[in-house]
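Below are the chains, spelled out letter by letter.
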Amino acid sequence: FLAATLSWRRMVEAPERRVSHRPDRLAALSAAAAAGTLLLGPFALLSAWWHGFETTLPAATLAALPLLLALWPRAAGARVPAVLRGPIAAGATARETAVAVYRAVVAFERELVRALAAATRALATPLRDLHTGDAQEYLLFLAGVALLSLLVPLLR
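Residues numbered from 1 in each chain as written. Predicted model: local features only at pLDDT ≥ 70, side-chain atom pairs only at ≥ 80, totals over all residues. Heavy atoms only, no water.

## Overview of the overall build of the chain
Each helix and strand counted, the chain has 6 helices and 0 strands in total. Listing each helix as α and each strand as β along the chain from the N terminus yields α-α-α-α-α-α. A total accessible area of about 14100 Å² is found for the chain, and carbon and sulfur atoms account for 70% of it. (Helix = DSSP H or I, 4+ residues; strand = E, 2+ residues; numbered from the N terminus. Areas by Shrake-Rupley, 256 points an atom, 1.4 Å probe, with all protein chains shown as cover.)

## Overview of helix 4 (residues 57–71)
The largest bend in helix 4 amounts to roughly 55° and is located at Ala 64, with the proline Pro 66 lying one to four residues further along. Here helix 4 has its buried residues at Ala 60, Ala 64 and Leu 67. Residues of helix 4 that are buried make contact with helix 3 (25–50). (Bend = angle between axes of the 7 residues up to and from the residue. Buried < 20%, exposed > 50% of the residue type's maximum accessible area, 1.4 Å probe, protein only. Contact = heavy atoms within 4.5 Å.)

## Focus on helix 3
Between its first and last C-alpha atoms helix 3 spans 36 Å; for 26 residues at 1.5 Å apiece the expected length is 38 Å, and the two agree. Remark: the principal bend of helix 3, roughly 35°, maps to Leu 40, with a proline, Pro 42, within the next four residues. Residue Gly 52 follows helix 3 closely and has a positive phi angle near 100°. (Expected span 1.5 Å × (residues − 1).)

## Quick word on the pattern of salt bridges
A complete count under the given rule lists 1 salt bridge for this structure. Between Arg 114 and Glu 111 there is a salt bridge whose closest N-O contact spans 2.6 Å. One end of the pair is Arg 114 and the other is Glu 111, both in helix 5 (residues 82–130) and 3 residues apart, which spans about a single turn. Residue Glu 111 is classed as partly exposed on the basis of its relative accessible area of 46%. (Salt bridge = Lys/Arg side-chain N within 4 Å of Asp/Glu carboxyl O.)

## Focus: the environment of Pro 66
You can see Pro 66 is positioned in helix 4. Here Pro 66 falls in the partly exposed class, since its relative accessible area comes to 43%. Between the C-alpha atom of Pro 66 and that of Pro 42, which follows or precedes it by 24 residues, the distance is 9.0 Å.

## Comments concerning the packing of helix 3 against helix 4
At a minimum axis distance of 8 Å, the contact between helix 3 and helix 4 shows a crossing angle of 145°. Along this stretch, helix 3 crosses helix 4, giving a crossing that reads as left-handed. Contacts between helix 3 and helix 4 involve Leu 38, Leu 39, Gly 41, Pro 42, Leu 45 and Trp 49 from the former and Ala 60, Ala 63, Ala 64, Pro 66, Leu 67 and Ala 70 from the latter. Across the contact of helix 3 with helix 4, the residue classes tally to 11 nonpolar, 1 polar and no charged. (Axes fitted to C-alpha atoms, helices over the stretch in contact; angles between N-to-C directions. Left-handed = near helix turned anticlockwise from the far one by under 90°. Nonpolar A, V, L, I, M, F, W, Y, C, P; charged D, E, K, R; others polar.)

## Focus on a nonpolar patch on the surface
A cluster of nonpolar residues, Tyr 138, Leu 139, Phe 141, Leu 142 and Val 145, forms a patch on the protein surface that exposes about 440 Å² of accessible area. Considering the arrangement of structural elements, one finds Leu 142 in helix 6 (residues 135–155). The class of Leu 142 is partly exposed, set by a relative accessible area of 39%. (Patch = residues over 30% accessible without salt bridge, like charges linked within 9 Å, V, L, I, M, F, W, Y side chains within 5 Å.)

Quick look at the structure:
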């Protein structure tokens, strides 16, 4: 069921849509929220200093670290910093886990369908053998069913 649903609802991207860039209003809102989040730490630190808060240089650097990392100049195609390698590897592990779980669920569903099909075949085989095409056997079958329908009320 899972495999059928995913393949039925799979979206196919049209090449002409990928070529043209569409402006996304939510992307601008998301970028503004990210910039606000990056500026919130240093702004809170400046506000605390303004009101008389005293801190050490390591604590101030730690508070400004997200902003400093965001402003760090980086060339396109540069290597991933060592700090980010762990989360990226964890993401790859999560992807691999998701693929493994998907394959396990699909394999379980296929085995379940195979078992149900085998049970249905096992139950349907005697029904198919009841009537082999001979008219006399069919009449005997009807007579047996009629006799059974007469005897069932008497057995109550």
